[in-house]
Amino acid sequence: MLDVQREEGDRLLSEIDDTAARVRLVPSLTTPLGLVKHATCVEKVWFHSRVAGVPRWELGLPDTVEQSFVLEPEDTVDSVRGAFLAACEHSREVAAAHRLDELFPWHQGPVSLRFIYGHMIAELARHAGHGDILVEQLKAGAMQSTTTR
């Protein structure tokens, strides 16, 4: 189920170009490209840092959730998608070396790998849903602008 949600996140960027992926349709920093960049960060926080034990600073993780949505000029559909897919692959490798009942540190107390899987499924599904709506709006806007020409 986690891989299904990862595929949904990846799919968001398969339907739009670099310009559309950066369009902000809501007041927050939430864009299709930002959502996938955030999902990459979430993979790294939970699997690369918490499960694998690599310090956040070593992974270059932002200090806040909001910062994980910030787009840099060099961020493109291809680069963000590639980083996300690479992070997911590394997460699978990290998780494969642990038992579902094994505990890992979290600020609210130790959590199992099973908990992390559940959390990640919910997190990625929520953001894929947000992204679906944004992409639908972007595509509808693009269609509308071509029909009014």
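Cut-offs applied
- Residues numbered from 1 in each chain as written.
- Predicted model: local features only at pLDDT ≥ 70, side-chain atom pairs only at ≥ 80, totals over all residues.
- Heavy atoms only, no water.
- Helix = DSSP H or I, 4+ residues; strand = E, 2+ residues; numbered from the N terminus.
- Buried < 20%, exposed > 50% of the residue type's maximum accessible area, 1.4 Å probe, protein only.
- Polar contact = N/O pair within 3.5 Å; in protein donor to acceptor, adjacent residues only side chain to side chain.
- Contact = heavy atoms within 4.5 Å.
- Salt bridge = Lys/Arg side-chain N within 4 Å of Asp/Glu carboxyl O.
- Axes fitted to C-alpha atoms, helices over the stretch in contact; angles between N-to-C directions.
- Parallel < 35°, antiparallel > 145°, perpendicular 65-115°, else oblique.
- Left-handed = near helix turned anticlockwise from the far one by under 90°.
- Nonpolar A, V, L, I, M, F, W, Y, C, P; charged D, E, K, R; others polar.
- Phe/Tyr/Trp six-rings, centres within 6.5 Å; stacked < 30°, edge-to-face > 60°.
- Lys NZ or Arg CZ within 6 Å of the ring centre and 35° of its normal.

### Observations concerning the side chain of serine 112
Locating serine 112 in the fold gives a position in strand β2 (residues 111–112). Of the residues examined, serine 112 reaches a relative accessible area of 16% and is grouped as buried. For serine 112, the side chain forms a polar contact with the main-chain nitrogen of phenylalanine 115, separated by 3.0 Å. When near neighbours in sequence (up to four residues on either side) are disregarded, serine 112 contacts Leu100, Asp101, Glu102, Leu103 and Phe104.

### Digging into the pattern of salt bridges
Two side chains carrying opposite charge are able to pair once their charged atoms lie near each other. Under the counting rule described, the total for this entry stands at 13 salt bridges. Glutamate 43 is paired through a salt bridge with arginine 6; the nearest N and O atoms lie 2.8 Å apart. Note that glutamate 43 is positioned in helix α3 (residues 32–51) and arginine 6 in helix α1 (residues 2–12), a separation of 37 residues in sequence. The same class applies to glutamate 43 as to arginine 6, namely buried. The partner of glutamate 15 in a salt bridge is arginine 11, with the nearest N and O atoms 3.0 Å apart. Of the residues examined, glutamate 15 reaches a relative accessible area of 34% and is grouped as partly exposed. Residues joined by salt bridges that share partners form a network here, namely Asp3, Arg6, Glu43, Glu89 and Arg92.

### Quick word on the side chain of aspartate 75
Position of aspartate 75 relative to the elements: it lies in the loop between α4 (56–59) and α5 (77–96). Among the polar contacts made by the side chain of aspartate 75, one reaches the main-chain amide nitrogen of glutamate 72 at a distance of 2.7 Å. Every residue in contact with aspartate 75, bar those within four places of it in the chain, is listed here: Arg22, Leu33, Lys37, Val70 and Val80.

### Quick notes on the packing of α3 against α5
Taken N-terminus to C-terminus, the directions of α3 and α5 make an angle of 25°; their axes are 9 Å apart at the nearest point. Here α3 is positioned roughly parallel relative to α5, judged by the angle of their axes. Note on packing geometry: the crossing formed by α3 with α5 is left-handed. On α5, the residues touching Leu33, Val36, Lys37, Ala39, Thr40, Glu43, Lys44, Phe47, His48 and Val51 of α3 are Val77, Val80, Ala83, Phe84, Ala87, Cys88, His90, Ser91, Val94 and Ala95. By residue class, the composition of the contact of α3 with α5 is 13 nonpolar, four polar and three charged.

### Points about the packing of aromatic side chains
Going through the model one piece at a time under the given rule, you end up with four aromatic pairs. Plain terms: the ring middles of tryptophan 106 and phenylalanine 115 are 5.3 Å apart, the flat faces sit at 45° to each other, and that makes the pair tilted. The class of phenylalanine 115 is partly exposed, set by a relative accessible area of 34%. Each member of the aromatic cluster is reached from another via a ring pair, and the members are Trp46, Trp106 and Phe115. Over the ring of tryptophan 46 we find arginine 50; its NZ or CZ atom is 4.3 Å from the centre of that ring.

### Remarks on the environment of histidine 107
Tracing the chain through its elements places histidine 107 in the loop between β1 (103–104) and β2. Relative accessible area serves as the criterion here: at 65%, histidine 107 is assigned to the exposed category. At 3.4 Å, the side chain of histidine 107 forms a polar contact with the side chain of tryptophan 106.

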